[in-house]
Amino acid sequence: MVFLPQSLLPLPKTMVASGHVQSPHRTDVSAQVTGRVVAIPVVEGQWVRQGQTLIELDSSEAQANHQQARANVGQAHVNVRQLHELRLPVAEQTWLQAQANLKVAEQSLARSQALFDQGFVGASARDDAQRVWDVAQAQWHIAAQQRQSLMPGGSDAAAAHSAVQVARASAASAAARLRYMRIVAPVDGVLIARSVEPGDGVQPGKLLMVLSPKADMQLVLQIDEKNLNLLRLNQAAWASADAYPDQKFDAELVYINPRVDPLRGSVEVKLHVPKPPAYLQQDMTVSVDIEVARRPQSLWLPLTAVQTAGSAGAEVWVVRDQQLHRQRVTLGLRHQGRAEVLSGLDAGERLATQPAPHWHDGLRVRAVPP
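The notes below deal with the structure included here. Fair warning: this is a prediction, and the values are worked out from it, not measured in the lab.

1. A look at the overall build of the protein
And then number 1: Helix and strand content of the protein: 3 helices and 20 strands.
And then number 2: The C-alpha radius of gyration of the protein comes to 46 Å, more than 25% above the 21 Å expected for a compact globule of 370 residues.
And then number 3: On the principal axes, the C-alpha backbone points of the protein span a range of 165 × 45 × 40 Å.
And then number 4: Here the protein, with 370 residues, has 35% of them falling under the buried criterion.
And then number 5: A separation of at least 24 residues holds for 74% of the contacts in the protein among residues at least 6 apart in sequence.
And then number 6: Counting only carbon and sulfur atoms, one obtains 51% of the accessible surface of the protein, whose full area is about 21,400 Å².
And then number 7: One finds the centroid of the 36 positive side-chain charges in the protein at a distance of 4 Å from the centroid of its 34 negative side-chain charges.

2. Brief notes about the pattern of salt bridges
And then number 1: Scanning all chains against the criterion turns up 13 salt bridges.
And then number 2: Here D58 and R36 are joined by a salt bridge, their closest N and O atoms 3.4 Å apart. Residue D58 is located in the loop between β6 (53-57) and α1 (60-118), and its partner R36 is located in strand β4 (residues 35-39); the two are separated by 22 residues in the primary sequence.
And then number 3: Residue classification places R36 among the partly exposed positions, given a relative accessible area of 42%.
And then number 4: The closest approach of N and O atoms between R87 and D156, which form a salt bridge, is 3.3 Å. Residue R87 is located in helix α1, and its partner D156 is located in helix α3 (residues 155-180); the two are separated by 69 residues in the primary sequence.
And then number 5: Under the relative-accessibility criterion, R87 is labelled partly exposed at 41%.
And then number 6: In the salt-bridge network here, residues are joined through shared partners; they are E315, R326 and R328.

3. A look at the environment of Q327
And then number 1: Here Q327 lies in strand β18 (residues 323-335).
And then number 2: Between the alpha carbons of Q327 and G344 there is a distance of 7.1 Å; along the sequence they are 17 residues apart.
And then number 3: If sequence neighbours within four positions are ignored, Q327 has contacts with A314, E315, V316, V318, R320, G344 and L345.

4. Comments concerning α3
And then number 1: Its 26 residues give α3 an end-to-end C-alpha distance of 37 Å, which sits within 8% of 38 Å, the value for a rise of 1.5 Å per residue.
And then number 2: Structurally, α3 contributes buried residues whose contacts are with α1 and α2 (123-150).

5. Some words on the nonpolar core
And then number 1: In this structure, L219, L221, L271, L280, V288 and I290 are the most contacted members of the largest nonpolar core, which totals 24 residues.
And then number 2: Apart from the residues within four sequence positions on either side, V288 is in contact with M15, V16, A17, L219, L221, A237, W238, A239 and L271.
And then number 3: The next biggest cluster of nonpolar side chains, apart from the first, holds 20 residues, and it includes A31, V42, I55 and V196.

6. So, the environment of V220
And then number 1: Inspection of the secondary structure assignment puts V220 in strand β11 (residues 217-224).
And then number 2: Once the C-alpha coordinates of V220 and A193 are considered, the two residues, 27 residues apart in sequence, prove to be 19 Å apart.
And then number 3: Those residues in contact with V220 that lie beyond four places of it in its chain are G19, H20, Q22, E268, V269 and K270.

7. Some remarks on the sheet that holds strand β7 (residues 182-184)
And then number 1: Pairing is antiparallel across the open sheet formed by 4 strands, whose spatial order is β7-β6-β4-β9. The strands lining the two open edges of the sheet, one partner per strand, are β7 and β9 (201-202).
And then number 2: With 2 bridges joining them, β4 and β6 adopt antiparallel strand pairing. Counted as the bridge partner of A39 is E56 from β6.

8. Topic: the sheet that holds strand β8 (residues 189-194)
And then number 1: Pairing is antiparallel across the open sheet formed by 4 strands, whose spatial order is β3-β10-β8-β5. Edge positions in the sheet fall to β3 (27-30) and β5 (47-48), since each of these pairs with one other strand and no more.
And then number 2: Of the strand pairs in this sheet, β8 and strand β10 (residues 207-213) are connected by 5 bridges, and their pairing is antiparallel. Counterpart to V190 in the pairing with β10 is S212.

9. Things to note about the side chain of Q218
And then number 1: Looking at the element boundaries, Q218 is found in strand β11.
And then number 2: Setting aside residues up to four positions removed in sequence, Q218 forms contacts with H20, V21, Q22, P24, K270 and L271.

10. Quick look at α2
And then number 1: For α2, built from 28 residues, the straight-helix expectation of 40 Å at 1.5 Å per residue is met to within 8% by its first-to-last C-alpha distance of 41 Å.
And then number 2: Every buried residue of α2 is listed here: A129, W133, A136, A143, A144, R147, S149 and L150.

11. Here's the deal with the packing of aromatic side chains
And then number 1: Under the counting rule described, the total for this entry stands at 2 aromatic pairs.
And then number 2: Look at W317 and W359: their rings are 5.9 Å apart centre to centre, the planes differ by 85°, and that puts the pair in the edge-to-face class. You can see W317 sitting in strand β17 (residues 314-320) and its partner W359 sitting in the segment after β20 (350-352), a full 42 residues away along the chain.
And then number 3: Judged by relative accessible area, which is 7%, W359 ranks as buried.
And then number 4: Cation over ring: R147 sits above W95, and NZ or CZ is 4.4 Å from the ring centre.

12. What to know about the pairing of β11
And then number 1: Within β11, 6 of the 8 residues are buried, which leaves the element mostly enclosed by the surrounding structure.
And then number 2: Of the strand pairs in this sheet, β11 and strand β14 (residues 266-273) are connected by 8 bridges, and their pairing is antiparallel. Residue pairing in the sheet places V220 in a bridge with K270 of β14.

The rules behind these values
- Every chain begins its residue count from 1, and numbering advances along the sequence as written.
- Local features are withheld for residues below a pLDDT of 70 in this predicted model, meaning they are given only at 70 or higher, and side-chain atom pairs are given and counted only at 80 or more; totals for whole chains, interfaces and linings count all residues.
- The basis for the side-chain values is all heavy atoms of the structure; hydrogens and waters are excluded.
- In DSSP terms, a helix is any run of H or I states spanning at least four residues, a strand is any run of E spanning at least two, and both are numbered starting from the N terminus.
- Every radius of gyration here is taken over C-alpha atoms, with the globule rule written as 2.2 Å times N^0.38, N being the number of residues.
- Using a 1.4 Å probe on the protein chains alone, a residue whose accessible area is under 20% of its type maximum counts as buried, one over 50% counts as exposed, and one in between counts as partly exposed.
- We call two residues in contact when some of their heavy atoms are within 4.5 Å.
- Note on areas: these come from Shrake-Rupley sampling with a 1.4 Å probe, and a residue is covered only by the protein chains present in the view.
- Two residue types count as positive, namely Lys and Arg, and two as negative, namely Asp and Glu; His and chain ends fall outside the count.
- To locate a charge, the coordinates of NZ of Lys, CZ of Arg, CG of Asp or CD of Glu are taken.
- A side-chain nitrogen of Lys or Arg and a carboxyl oxygen of Asp or Glu constitute a salt bridge if their distance falls within 4 Å.
- A helix's residues, less one, multiplied by 1.5 Å, set its expected span.
- We call a set of buried residues a nonpolar core when its members are Ala, Val, Leu, Ile, Met, Phe, Trp, Tyr or Cys and they connect through side-chain atoms within 4.5 Å of each other.
- Between any two strands, pairing holds if DSSP finds at least two bridges.
- Think of it this way: a Phe, Tyr or Trp ring, Trp meaning its six-membered ring, pairs with another when their centres are within 6.5 Å, and the plane angle makes it stacked under 30 degrees, edge-to-face over 60, tilted otherwise.
- Any Lys NZ or Arg CZ that is within 6 Å of a ring centre and within 35 degrees of that ring's normal is treated as a charge sitting over the ring.

Interpretation in functional terms is not warranted from these geometric data alone.
What follows is the structure, given as structure tokens:
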């Protein structure tokens, strides 16, 4: 038989509420292109790593477009090589030939002009030489412009190099679209929801999955607005999941919504869980005791020493003069396996815990220190 002494302890006054577990941040996963789902290699509740494949879309068309875009890049590079290796040398030779023809035409025109001045030839001969020189000069100008356009900085050279850049951009766009056919996890986290199956068609922006990143857990509660005056930031709290009612964990009030929900007449509050237990999962239902006040000195007794006597109230066994005596008590608040004594006991009295059926008033006992 074990006896426990009464004790004066600080008494927290708590507010009881229920809510659910929520990660501070959730990540929505959606498609960036239109497509048809061919595979989903993950399941709900699975832990996934950043970059891991979540959904695969039909990529046959995207692959073909990517191959064509890469071929266009190759063709653009070939065009640049042809410009430097073939077209520019031909233009150089054409320009040199035109320059030589212009020089010959210039000499012929000079001779014809001299003979005309001396009266040895008529005006028609001089005019024919002038026309040959005009044609040679025009051909030289055309050849010079073609040569200039093919040289570095020229319009044809710039157009060829620009075509390479355009082809590369198209290839990058096709490669990006091909990558979009594989939807990957943007962050590490747990897959907590999915709304897509193989064979479904998807569109950009449509929500397909929800990830809960690894982070501190929060408890989200709805508190009746009439209790709003009792709430303060940084208030301590103790919570337990409905699935594990006997396993308490600490929490702290960190957020009070400044807006009251007019439909429910409640205020949303959030509590931070610094050390979430391993069993705590997203959207679990929890019960929470928030400490809203504290009495500096209160008389406590362990609940293991309390007998319930129905409408007559609670009773305990008190040890006086090494004998058991039944004592009726009035209890107040209860907290973490202990109850507040409002009346019926004095501080310092010894109580018998875990009452047995054969106990009766006057039964002699021997106290054993706790």
